[in-house]
Amino acid sequence: MDVRISIETTFDNGEKRTHQLDGISRPYRVTCPDGIGLRLEDGKRVVEQIQRAILCDQVEEIIRESRVCPDCASVRAIHDYRTRDLDTLFGRVRVKAARLRRCSCDARSAAMPGGPISPLAYFFPDRATPELQRLHAELGSRHSFREAARLMKSFLPCHPPHHTTVRDRLGRVAAGLEKSRRASGDPAEALPKGGLTVFLDGAHIRCRPEYQQRHLDLVVGKIESRNMCRRFGLVANATASPGSRMREELSDFGWKPGRLLTVISDGELALPNLIRNAMGGDGQVKHILDWWHISMRIRHVEAAVQGLVQIPGFTGIPVLFQRPAKSLRWWLWHGRARVAETYLKGLMHDCTRLAEEPLAVRTAAARVQARCGTLYTYLANNMESLVDYGRRYRNGLPISSSRAEGSVDDIANARMGKRRRMRWSPKGAHRVAVTRAAVLDGRLTVANRKRAA
Ligand SMILES: [Zn+2]
């Protein structure tokens, strides 16, 4: 059989035009299983032809309509024709784009004669459709740039992109996302009284050799209110002022000066300080130390104590060591850090009294002391950030930054992790992090649709 495909255009002024596209031929005698239905190659060819027909008609209409001056309704003269290659999802189309002379009614042109006007420049600012740019950005944030280019090439009849094109378009989309932040939707009214919680975590990614450092620090996190959440990622080196970037991110989510902000992170001071800088003094920041990190260190102490009392030559009273180790967790969970510190000191003191014991016991005691010391320093450094975790937990409030750690995997490790064997420049990593966060949140389409409108 033979399939004939034709499409009909009706212009706004009522004029009609028919385009005959290449048909599909499936002679019965030579049909093999591979020739059943529309194949990928046929589909790509047909879609490309449809796109070409639509786009050429549309360009024609745009030029015809924009020849009429919007101010005095006289017809503007055509200055010249230029050939333009327009990139779309469904192929690169070469069109003849007219440029128009300015109308004599335009007062500016009399005072300051401008060049000819190009009506197409408004519709194709980058000679590529916004949809194509978004897809480049999305694929580039999910896969390597080369892989993204390959994927596009295998499924779409678009002009095979070079991986640097994917990279550059991702950069442009990332810049657009940062610019359109303030303009995008304002959910401030919907914000409940509980305020915002920011979960923060850091990730290390490999840095390119010319930047004279081994790793780049990527700050990744999640902003949450009771019913909404939003991910973000940034490289502090790549932005002139990470504080103000963070502030934009927060005010975009509905934060207003003076409002309380809860920050949950591990013991690294740089992370809550980033938020404090972002606030710049007009907002309270309550930093809470992540419970999981405390719990892990308590676990180390418990394990070391258990190891000590189980040594055959141990002559002390096991309960004297086990009980303080057990109650540490209870006191810290209920926000009684001072009591926990006393227990820690006691435990360390008890260990020093085992100096006369056999070597195995002394070694185990030294291990208990070292782990108690680690926990003690950790608590002492973060004394201000310890809270009554039990009460928060019972009230259904978050006590751990595990949600930020999820974002680290999503934003940083999946695309830029060490296993990917890629090296990054600060700017490149920042752009990918920004785009990837937007893709994961589903913000890419919304923000760009607004930008295009
Ligand atoms: Zn005019």
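Residues numbered from 1 in each chain as written. Predicted model: local features only at pLDDT ≥ 70, side-chain atom pairs only at ≥ 80, totals over all residues. Heavy atoms only, no water.

### Comments concerning the layout of surface pockets
Its boundaries defined by the atoms lining it, the largest pocket holds a volume of some 430 Å³. Along the walls of the largest pocket sit 17 residues, with F145, R167, R208, R423 and W424 positioned nearest its centre. When residues of the lining of the largest pocket are traced back to their parent elements, those giving at least two are α5 (145–155), α6 (163–179) and α15 (426–441). For the lining of the largest pocket, the residue count by class is five nonpolar, four polar and eight charged. (1 Å grid on protein atoms, 1.4 Å probe; cavity = no way out; pocket = protein on both sides within 12 Å on 5 of 7 lines; lining within 4 Å. Points joined across faces, edges and corners; volume = space filled by probe spheres on them. Helix = DSSP H or I, 4+ residues; strand = E, 2+ residues; numbered from the N terminus. Nonpolar A, V, L, I, M, F, W, Y, C, P; charged D, E, K, R; others polar.)

### A short note on the sheet that holds strand β6 (residues 215–224)
Pairing within the open sheet is mixed, and its five strands lie in the order β7-β6-β5-β8-β9. This sheet does not close on itself; its edge strands, each paired only once, are β7 (229–235) and β9 (285–289). On average, each strand axis in the sheet is inclined to that of its neighbour by 25°, with strand direction left out of account. Bridge count between strand β5 (residues 196–206) and β6: ten bridges; the pairing is antiparallel. Paired with A203 across the two strands is L218, which belongs to β6. (Pairing = 2+ DSSP bridges. Axes fitted to C-alpha atoms, helices over the stretch in contact; angles between N-to-C directions.)

### Side note on the domain arrangement of the protein
The domain architecture assigned to the protein consists of domain 1 (2–127) and domain 2 (292–385). Computed from C-alpha atoms alone, the centre-to-centre distance between domain 1 and domain 2 is 75 Å. (Domains from an automatic or database assignment.)

### Describing the pairing of β5
Counting buried residues in β5 gives eight out of eleven residues, a clear majority hidden from the surface. By the bridge criterion, four bridges tie β5 to strand β8 (residues 261–265) in an arrangement that is parallel. Bridge pairing in β8 places L196 opposite L261. (Buried < 20%, exposed > 50% of the residue type's maximum accessible area, 1.4 Å probe, protein only.)

### What to know about the nonpolar core
Within the largest apolar cluster, 39 residues are counted, with the highest numbers of intra-cluster contacts made by I294, L308, F321, L332, V368, L386 and Y389. If you list the elements that add at least two residues to this core, you get β9, α9 (291–309), α10 (318–333), α11 (337–352) and α12 (359–381). Other than its neighbours up to four places away in sequence, I294 contacts L289, L332, Y378, L379, L386 and Y389. A137, A174, C207 and A429 belong to the second-largest nonpolar core, a separate cluster that totals 37 residues. (Core = buried A, V, L, I, M, F, W, Y, C linked by side-chain atoms within 4.5 Å. Contact = heavy atoms within 4.5 Å.)

### Considerations on the environment of V309
By secondary structure assignment, the location of V309 is in helix α9. C-alpha of V309 to C-alpha of A53: the two residues are 256 residues apart in sequence and 83 Å apart in space. With near-sequence residues (within four places) excluded, V309 lies in contact with F314, P318, F321 and Q322.

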